[in-house]
Amino acid sequence: MAWPTAEVARMSGVTARTLRHYDEIGVLPPAWIGANGHRYYEDRQLLRLQQILVLRELGVGLPEIGRILAEQVDELEALRGHRGRLLAERDRLDALVRTVSRTIAELEQSRKDGNPMTSINRPENLFEGVRPAVYEESMRDFPELAEDNRRRLSAMSEAEVDAAHRRRTAQMIRLAELMAADLPADADQVQAEVDDQYRALTEQRAVSAEEFQALGRSCVDNEPWHAAYEAIAPGLAAYQRDAIEVYAMTRLS
């Protein structure tokens, strides 16, 4: 039995445009193309689509998915491998839920009694379950900056990438402390943190005020970025956006 693109899109939730893209890059060719130019998919292609979607959920980029699918020999063994990755991801998310819950509780307590957050004094607690950002996804709105990041990351070891991720998260933690202290986005201490962020960006290439503002808005609008900020403290994504907006308007315009 074969299904046309529209039916596969309906069953899987993947758009027809995405299916065409998967065909164009070679990760999911249709079983055959009809005389009318329509693509048709059979059981084997549906199974392959399932594997693609599972790997995408695990944060694997399309180039890497293409390599994995090209190298796999036994579909059953591949599915067992995917299941193992999903179980590991479930455990990671469970750990992340515990981390976020602990951070929320300690931020609330910090605001009540004015004492420092113990999780910020022990930053390793904030990293439990947090993995480095998937740049291909989180930087999709900024292709030039994403390409700069890819080149930089390709020259770094896994330990160096992890250290960079921790430094970035440490910046977010410092911003969370300032937010917990009820400092406004235009406070000198907050703007000093944003200045450090901007200077780090411009080490790679020049960043205009408009682009920096767009990056700030993405802290809220871009799902991977928003989730990363909210994992540190609820409301931090909007706080970062507002702080960047102030910085861009007062120092870059």
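Located above this text is the structure these notes cover.
Residues numbered from 1 in each chain as written. Predicted model: local features only at pLDDT ≥ 70, side-chain atom pairs only at ≥ 80, totals over all residues. Heavy atoms only, no water.

Asks: With reference to specific residues and values, describe the overall build of the chain.
Replies: When you go through the chain residue by residue, the secondary structure sums to 14 helices and three strands. Pairs at least 24 residues apart make up 64% of the contacts formed inside the chain by residues separated by at least 6 positions. For the chain, the accessible surface area stands at approximately 14300 Å², while carbon and sulfur atoms represent 52% of it. (Helix = DSSP H or I, 4+ residues; strand = E, 2+ residues; numbered from the N terminus. Contact = heavy atoms within 4.5 Å. Areas by Shrake-Rupley, 256 points an atom, 1.4 Å probe, with all protein chains shown as cover.)

Asks: Run through the packing of helix H12 (residues 209-221) against helix H13 (residues 223-232), naming residues and quoting values.
Replies: Two packed helices can be described by the angle between their axes and the distance between those axes. Across the interface, H12 lies against H13 with an axial gap of 6 Å and an inter-helix angle of 75 degrees. By the angle between their directions, the pair H12 and H13 is classed as roughly perpendicular. Residue-level contacts link Leu215, Ser218, Cys219, Val220 and Asp221 of H12 to Glu223, Trp225, His226 and Tyr229 of H13. Tallied by class, residues from the contact of H12 with H13 come to five nonpolar, two polar and two charged. (Axes fitted to C-alpha atoms, helices over the stretch in contact; angles between N-to-C directions. Parallel < 35°, antiparallel > 145°, perpendicular 65-115°, else oblique. Nonpolar A, V, L, I, M, F, W, Y, C, P; charged D, E, K, R; others polar.)

Asks: Break down the nonpolar core for me, with residues and values.
Replies: In terms of nonpolar packing, the biggest core is built from 28 residues, with Val190, Phe212, Ile232, Ala233, Leu236 and Tyr239 touching the most fellow members. Counting only elements with at least two residues in this core, the list comes to helix H10 (158-180), helix H11 (188-202), H12, H13 and helix H14 (236-252). Per-element accounting of this core gives the leading share, seven residues, to H10. If you look at the next biggest cluster of nonpolar residues, it comprises 19 residues, including Val14, Ile52, Leu58 and Leu62. (Core = buried A, V, L, I, M, F, W, Y, C linked by side-chain atoms within 4.5 Å. Buried < 20%, exposed > 50% of the residue type's maximum accessible area, 1.4 Å probe, protein only.)

Asks: Outline the side chain of Gln51, supporting the account with residue identities and numerical values.
Replies: When you line up the elements, Gln51 lands in helix H3 (residues 43-57). With sequence-adjacent residues up to four places away left out, Gln51 is seen in contact with Leu69, Gln72, Ala78, Leu79 and His82.

Asks: Tell me about unusual backbone geometry, and please be specific about residues and values.
Replies: Phi at Asp182 is positive, roughly 65 degrees, even though this residue is not glycine. Residue position: Asp182 is located in the loop between H10 and H11.

Asks: Got a sec to walk through the pattern of salt bridges? Specific residues and values, please.
Replies: In the structure shown here, the tally under the stated rule is six salt bridges. We note a salt bridge from Asp23 to Arg39, for which the minimum N-O separation is 2.7 Å. Of this pair, Asp23 sits in helix H2 (residues 16-24) while Arg39 sits in strand E3 (residues 39-41), placing them 16 residues apart in sequence. The class of Asp23 is buried, set by a relative accessible area of 17%. (Salt bridge = Lys/Arg side-chain N within 4 Å of Asp/Glu carboxyl O.)

Asks: Could you give an account of the packing of H12 against H14, with specific residues and numbers?
Replies: Between H12 and H14, whose axes approach to 7 Å, the crossing angle comes to 170 degrees. Accordingly, the angle class assigned to the pair H12 and H14 is roughly antiparallel. Residues Ala209, Phe212, Gln213, Gly216, Arg217, Cys219 and Val220 of H12 form the contact with H14, whose participating residues are Ala237, Ala238, Gln240, Arg241, Ile244, Glu245, Tyr247, Ala248, Met249 and Leu252.

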